[in-house]
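Here's the letter readout for the chains.
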Amino acid sequence: MENIIDDLNYRGLIEQYSNEEEVRELLSTPQTVYCGFDPSASSMHLGNFVMISLLMRFQKAGHRIVALVGGGTGMIGDPSGKSKERNLQDEETLYKNTMSIKHQLEKFIDFSDPEKGLLVNNYDWLHSMGTIDFLRDYGKFFSINYMLSKEIVKSRLEAGISFTEFSYQILQSIDFYKLHKQYGVNLQLGGNDQWGNLTSGLELIRKLEGDEAKVGVLTAHLITRADGKKFGKSEKGALFLDPKLTSAYTLYQYMVNTTDEDAVKYIKVFTFLSHDEIEDIAREHFANPGARIAQKKLAYEVVKEIHSEEKAKEAVMMSEALFSGNVKGLSEEEIEDTLGSLKKPLTEGMLLEDVLISLGAATSKREARTFITGNSVMVNGEKITDLTKKIEKADAMYGKYIIVRRGKKNYYLGEF
């Protein structure tokens, strides 16, 4: 079988290996690989999709994968990346989040055959573990000095960290050991901020089974933008995988507006296109950057993977409709998806110049008139230059929407 490490390195996905040669050797034969997902929210986001796509790549390469939802560790809280103690969730919320995360994972990963993939919840073995068992069977293998040396702990010492969060790395280590014993898991994947937790699990297995235990860990890069800022945040916040929280169109727009440098980088990270296809896209893109070939391909492929091919085609159509100004073909749902966040109330019979001011398309009557007479204003896809034009409910799409375009790119949405 082809070794997946070469593909992961080409895509710039892996930052750290416990030992690359040992990991490569393990992956020369079919392995069982696991990654954990934290149910701290009801939906995962685009950053989580990096880890999901890694599991998908391993599964496509012929390895068995185990996706773990942290129903148990989620009750404790991972200190990683936090400047202060997180609020503990109640069991009902945590259960709902856990089920929601499970459903999202099932959308992307094949769990139909346990020889291909397993979906597990660490609550199943952590909730029944007694305090004495925890301390005798596992706690004795972790020295305080070793735990304090972990970056995720060191970064919190000044602000303060409770014993609860301090013990998180032991619980995650137990997960690795349990999965290793029960399902033959030899490799764990995680984000780079999880390095300390992953290597703790490695150490626990070696202490319990001996240094000859063939186990390893590898971490994915924290994906950043070309300007160094954290990837995956739009003006509205995190880009969620749940379409009710982040529409396919919003995701498409985020991707299609990335820089040239980021677009090629993200194609490697987020799509399943072959190396040859990616190199062809990069070549065509940089030969004619104005055509935004890489951005359009990236946006289409990402929406196709996360939502569906149908949603990707819809997003392209909606994007083209807004670019051309031909918005009459948009459905109610599409209007809400594309422009809903801009929505402002209108009163029937308003002069168009007052509508522009009300929607924020102009700052004064004088400016509004200049835009109208200057052929710069479209209402529901039609150019209007008449200063006496009043906007009535009869003009509205679906009896309520007034879509105003000022210039080539500036859109506004009014609602009766």
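In what follows, the structure referred to is the one given above.
Notes on the structure follow. Not measured: the values here are computed from a predicted model.

This model, assessed by the stated rule, comprises 18 salt bridges. Here Glu 314 makes a salt bridge to Lys 311, at a shortest N to O gap of 3.6 Å. Taken together, the residues Glu 314 and Lys 311, both in helix α16 (residues 309–324) and 3 residues apart, mark about one turn of the helix. The closest approach of N and O atoms between Asp 395 and Lys 389, which form a salt bridge, is 3.4 Å. Looking at Asp 395, the relative accessible area reads 29%, which means it is partly exposed. Take Lys 389: its relative accessible area is 24%, and that puts it in the partly exposed class. Put simply, Glu 353, Asp 354, Lys 365 and Arg 369 are held in one network by salt bridges that share partners.

Here we take up the packing of helix α13 (residues 260–270) against helix α14 (residues 275–287). Interaxial distance between α13 and α14 falls to 10 Å at its minimum, and their mutual angle equals 170°. Accordingly, the angle class assigned to the pair α13 and α14 is roughly antiparallel. Seen from α13, the contacting residues are Asp 260, Val 264, Ile 267 and Lys 268; seen from α14, they are Ile 278, Glu 279, Ile 281, Ala 282, His 285 and Phe 286.

So, about the pairing of strand β4 (residues 117–121). Here β4 lies mainly inside the structure; 4 of its 5 residues are buried. Pairing between strand β3 (residues 64–69) and β4: 5 bridges, direction parallel. Counterpart to Leu 68 in the pairing with β4 is Val 120.

Here we come to a nonpolar patch on the surface. Taken together, Ile 144, Leu 148 and Leu 157 make up a surface patch of nonpolar side chains, about 250 Å² in accessible area. If you trace the backbone, Leu 157 turns up in helix α8 (residues 151–157).

Within the element layout of this structure, His 127 appears in the loop between α5 (123–126) and α6 (131–138). Look at His 127 and you get partly exposed, because its relative accessible area is 48%. Spatially, the C-alpha atom of His 127 lies 9.5 Å from that of Thr 73, the residues being 54 residues apart in sequence.

Where a protein is soluble and globular, its nonpolar side chains tend to be buried together. Grouped together as the largest cluster of nonpolar side chains are 61 residues, with contacts concentrated most on Phe 37, Ile 52, Phe 58 and Leu 218. Top element by residues in this core is helix α3 (residues 46–60). It accounts for 9 residues. With sequence-adjacent residues up to four places away left out, Ile 52 is seen in contact with Phe 37, Met 44, Leu 105, Phe 108, Ile 109 and Leu 241. Ranked by size, the runner-up nonpolar core spans 29 residues in total, among them Ile 152, Val 153, Val 185 and Leu 202.

Looking at the secondary structure, you find Lys 344 in strand β9 (residues 343–345). With relative accessibility at 35%, the residue Lys 344 sits in the partly exposed group. Between the alpha carbons of Lys 344 and Tyr 401 there is a distance of 9.9 Å; along the sequence they are 57 residues apart. Once you skip the residues sitting within four places of it in the chain, Lys 344 turns out to touch Ser 358, Leu 359, Gly 360, Leu 413, Gly 414 and Glu 415.

At Asn 375, a residue that is not glycine, the phi angle is positive and equals roughly 65°. By the element assignment, Asn 375 lies in the loop between α19 (365–373) and β11 (377–379). Exposure remark for Asn 375: the relative accessible area of 41% places this residue in the partly exposed category. In this structure, Tyr 398 takes a positive phi of about 55° despite not being glycine. Take Tyr 398: it is sitting in the loop between β13 (390–391) and β14 (401–406). Classification of Tyr 398 as partly exposed rests on a relative accessible area of 45%.

The element β3 is largely enclosed, with a buried count of 6 among its 6 residues. Alternating positions in β3 separate into two faces, Arg 64, Val 66 and Leu 68 on one and Ile 65, Ala 67 and Val 69 on the other, with burial throughout. The pairing of strand β2 (residues 32–37) with β3 spans 6 bridges and is parallel. Residue pairing in the sheet places Val 33 in a bridge with Ile 65 of β3. What joins β2 to β3 is α3, and the crossover it makes is right-handed.

The next thing to look at is the sheet that holds β9. Through backbone hydrogen bonds, the strands of a sheet pair up, either in parallel or in antiparallel fashion. The 5 strands are arranged β9-β15-β14-β11-β12 in an open sheet whose pairing can be described as mixed. The open sheet has two edge strands with one neighbour each: β9 and β12 (382–383). Across 3 bridges, β11 lies against β14 in antiparallel orientation. From the neighbouring strand, Met 378 faces β14, where its bridge partner is Arg 405.

Cut-off values and rules
Residues numbered from 1 in each chain as written. Predicted model: local features only at pLDDT ≥ 70, side-chain atom pairs only at ≥ 80, totals over all residues. Heavy atoms only, no water. Salt bridge = Lys/Arg side-chain N within 4 Å of Asp/Glu carboxyl O. Helix = DSSP H or I, 4+ residues; strand = E, 2+ residues; numbered from the N terminus. Buried < 20%, exposed > 50% of the residue type's maximum accessible area, 1.4 Å probe, protein only. Axes fitted to C-alpha atoms, helices over the stretch in contact; angles between N-to-C directions. Parallel < 35°, antiparallel > 145°, perpendicular 65-115°, else oblique. Contact = heavy atoms within 4.5 Å. Pairing = 2+ DSSP bridges. Patch = residues over 30% accessible without salt bridge, like charges linked within 9 Å, V, L, I, M, F, W, Y side chains within 5 Å. Areas by Shrake-Rupley, 256 points an atom, 1.4 Å probe, with all protein chains shown as cover. Core = buried A, V, L, I, M, F, W, Y, C linked by side-chain atoms within 4.5 Å. Right-handed = clockwise from strand over helix to strand, strands pointing away.

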